[in-house]
Amino acid sequence: MSDVLARVREMFPIMKADAVLVSDHANVRYISGYTNDTGVLLVTKEAAFLLTDFRFLFQAQEEVKGLIQVVDISSVGYPAMVAELCKTYGISKLAFERETVTYREFEEYRDAVSAVLVPIPKYLSELRWIKTPEEIEKLRTAEHIGDLAFSEILPHLKPGVTELEIAAKLTYFMQMHGASGNSFPPIVASGINSSMPHAMPSGRKLEKGDFVTMDFGCVYQGYCSDMTRTVVLGKADPKQKEIYDLVYRAQTEALAALRPGKTGMEVDAVARNIIAEAGYGDCFGHGLGHSVGLEIHEDPNCNTRETRILKEGMIMTVEPGIYVKDFGGVRIEDMVVLTADGYENLAFSEKKLIEL
Ligand code: ZN
Ligand code: ZN
């Protein structure tokens, strides 16, 4: 952990600050080991403090590693405690994460702290881009739990069952396999609903001939998984087959192109071109994929704007889709880890069209 603190301090010059207040929960966790959502981390050149209140003190003392001291803010509150520590350590410029501090919190810190507050973008999240072998193991287990849930849900996909029931069962199966919860509320979209990439599960009953898209994932030891499979209830008609085969080919080719040294834009273009050449360009309106870790959506991405270079040890989803209005849609998504010369797929569920 002290190693991570050193990396945080190396960023002080880019932050143009001599200390940083970390409030993004995933960053707090990554840097300190503290897993609860309540608390902030103050890192100065010489010291580091995890601030939380009485309710979480024992947990913090148990989890926080190395040279980070746990501080109880119960009697004075966060702004006053941060102000006092800044004074003690002679901080003149305090960086704060502008994505996660509310305007009200900003006002409170501004009024209490004598140091100048410096808003910073997601610099600290970059610490988490390349995963350690231990993190990859947890992500592998999380994705494996998704695979198990997918194989268990298949017998339940029958006419008359609602999308909400399927979503509830996916959640149940993943928790029965050791997940602490969903990494996001499961998407179960059947029939025409599958034409909406992020449809909310509804009371709609599955019907014969439906596409059923299930996009789901779990949290295992803090790490998220993400996968999507689309199946057909009964025999697929020719148009369903055409769309499915196209998404399948786009996903396979994008995976084949995925390796360190490429930009997310280049990999995205592989899938996008295949779909566009077949005349469905307007039906793939989202990015090809995103990174995953302590959070379900992390940087970098694979999309039409991503110029950052992919590196070994990054996690990436590959999830092309085609969504046809008033008809339905298909998405296929795997979560993979980039290796020295390509990728390793962490998902094993069948990708060839499943007709139930
Ligand atoms: Zn997904
Ligand atoms: Zn995803």
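Described below are features of the structure shown in this document. (Residues numbered from 1 in each chain as written. Chains lettered and ligands numbered in written order. Predicted model: local features only at pLDDT ≥ 70, side-chain atom pairs only at ≥ 80, totals over all residues. Heavy atoms only, no water.)

1. Side note on the nonpolar core
- If you look at the biggest cluster of nonpolar residues, it comprises 39 residues, and the most contacted ones within it are Met15 and Val20.
- Per-domain counts for this core show at least three residues from each of domain 1 (2-128) and domain 2 (133-345).
- Non-local contacts of Met15, meaning those with residues more than four positions away in its chain, are made with Val8, Val20, Ala95, Val118, Ile120, Tyr123 and Leu124.
- By size, the runner-up hydrophobic cluster in this structure holds 31 residues, among which are Val267, Tyr280, Cys283 and Leu338. (Core = buried A, V, L, I, M, F, W, Y, C linked by side-chain atoms within 4.5 Å. Buried < 20%, exposed > 50% of the residue type's maximum accessible area, 1.4 Å probe, protein only. Domains from an automatic or database assignment. Contact = heavy atoms within 4.5 Å.)

2. Some points on helix α5 (residues 78-88)
- When α5 is considered as a whole, its buried residues turn out to be Tyr78, Pro79, Met81, Val82, Ala83, Leu85 and Cys86.
- Looking at the packing, one finds that the buried side of α5 touches β1 (19-22), β2 (40-44), β3 (48-52), β4 (68-72), β5 (93-97) and α6 (103-112). (Helix = DSSP H or I, 4+ residues; strand = E, 2+ residues; numbered from the N terminus.)

3. What to know about the coordination of the zinc ion (ligand 2)
- Listed as protein donors to the zinc ion (ligand 2) are Asp226 (OD), His290 (NE2), Glu319 (OE) and Glu333 (OE); their distances from the metal cover 2.1 to 2.2 Å.
- Coordination at the zinc ion (ligand 2) is irregular, judged from the 4 donor atoms that bind it and the angles of 77 to 151° they form at the metal.
- On the primary sequence, the residues serving as donors to the zinc ion (ligand 2) are separated as D-x63-H-x28-E-x13-E.
- Taken as a pair, the zinc ion (ligand 2) and the zinc ion (ligand 1) show a spacing of 3.1 Å, with Asp226 coordinating each metal. Taken as a pair, His290 in strand β13 (residues 289-291) and Glu333 in the loop between β17 (328-331) and β18 (334-339) lie far apart in primary sequence, 43 residues in all.
- For Glu333, a relative accessible area of 0% translates into the label buried. (Donors = N, O, S within 2.8 Å, 3.2 Å for Na, K, Ca; no water. Tetrahedral: all angles 85-135°; square planar, octahedral: opposite > 155°, others 65-115°.)

4. Some details on the coordination of the zinc ion (ligand 1)
- The protein atoms that coordinate the zinc ion (ligand 1) are Asp215 (OD), Asp215 (OD), Asp226 (OD) and Glu333 (OE), at distances spanning 2.0 to 2.7 Å.
- Here the zinc ion (ligand 1) is ringed by 4 donor atoms whose angles at the metal span 54 to 151°, and the overall shape comes out irregular.

5. Topic: the environment of Val118
- For Val118, the location among the structural elements is in strand β6 (residues 116-120).
- A C-alpha to C-alpha distance of 7.0 Å links Val118 and Ala17, two positions 101 residues apart in sequence.
- With sequence-adjacent residues up to four places away left out, Val118 is seen in contact with Met15, Lys16, Lys93, Leu94, Ala95 and Phe96.

6. Comments concerning unusual backbone geometry
- With an omega of -5°, the peptide bond running from Asp299 to Pro300 counts as cis.
- Looking at where Pro300 falls in the secondary structure, it is placed in strand β14 (residues 298-302).
- Positioned with a positive phi, Gln221 is a non-glycine residue whose angle comes to about 45°.
- For Gln221, the position within the fold is in the loop between β10 (218-220) and β11 (223-224).
- Within the chain, Asp326 stands out as a residue other than glycine whose phi angle is a positive 60°.
- Examined against the element boundaries, Asp326 turns out to sit in the loop between β16 (321-324) and β17.
- Overall, Asp326 belongs to the exposed group, its relative accessible area being 58%.

7. Focus on the environment of Phe211
- Mapping Phe211 onto the fold places it in strand β9 (residues 211-216).
- Looking at Phe211, the relative accessible area reads 2%, which means it is buried.
- If we ignore the near neighbours within four places in the chain, the residues touching Phe211 are Ala189, Ser190, Gly191, Ser194, Thr230, Val231, Val232, Gln240, Phe327, Gly328, Gly329 and Val330.

8. Description of the sheet that holds β6
- Ordered by their spatial adjacency, 6 strands build an open sheet running β4-β3-β2-β1-β5-β6, and the pairing between neighbours is mixed. Since the sheet does not close on itself, it has two edges, and those belong to β4 and β6, each with one partner. Each neighbouring strand pair of the sheet contributes to a mean axis angle of 25°, computed without reference to strand direction.
- Here β1 pairs with β5 via 3 bridges, running parallel. Across the sheet, residue Ala19 finds its bridge partner in β5, namely Leu94.
- Contacts between helix α3 (residues 25-32) and the sheet are confined to β1, β2, β3, β4 and β5, with β2 contributing the most and set at about 55° to the helix.
- In the packing of α6 onto the sheet, contacts are made with β1, β2, β5 and β6, and the angle to β6 comes to roughly 150°. (Pairing = 2+ DSSP bridges. Axes fitted to C-alpha atoms, helices over the stretch in contact; angles between N-to-C directions.)

9. Section: the pattern of salt bridges
- Applying the stated criterion to the full structure yields 20 salt bridges.
- A salt bridge links Arg229 to Asp334; the shortest N-O distance between them is 2.8 Å. Placement of Arg229 in strand β12 (residues 227-232) and of Asp334 in strand β18 is noted, with a sequence separation of 105 residues between them. Here the two residues Arg229 and Asp334 agree in accessibility, since each one is buried.
- Through salt bridges with shared partners, a single ionic network connects Asp24, Arg128, Lys131, Glu295 and Glu298. (Salt bridge = Lys/Arg side-chain N within 4 Å of Asp/Glu carboxyl O.)

10. Thoughts on empty space enclosed by the protein
- Taken as a whole and assessed by the stated rule, the structure comprises 1 cavity of 30 Å³ or more.
- As a volume, the largest cavity reaches approximately 30 Å³.
- Sorting the residues of the lining of the largest cavity by element identifies β8 (187-190) and β17 as the ones contributing at least two each.
- In terms of residue count, β17 provides more of the lining of the largest cavity than any other element does, 3 residues in total.
- For the lining of the largest cavity, a count of residues per class yields 6 nonpolar, 3 polar and 1 charged. (1 Å grid on protein atoms, 1.4 Å probe; cavity = no way out; pocket = protein on both sides within 12 Å on 5 of 7 lines; lining within 4 Å. Points joined across faces, edges and corners; volume = space filled by probe spheres on them. Nonpolar A, V, L, I, M, F, W, Y, C, P; charged D, E, K, R; others polar.)

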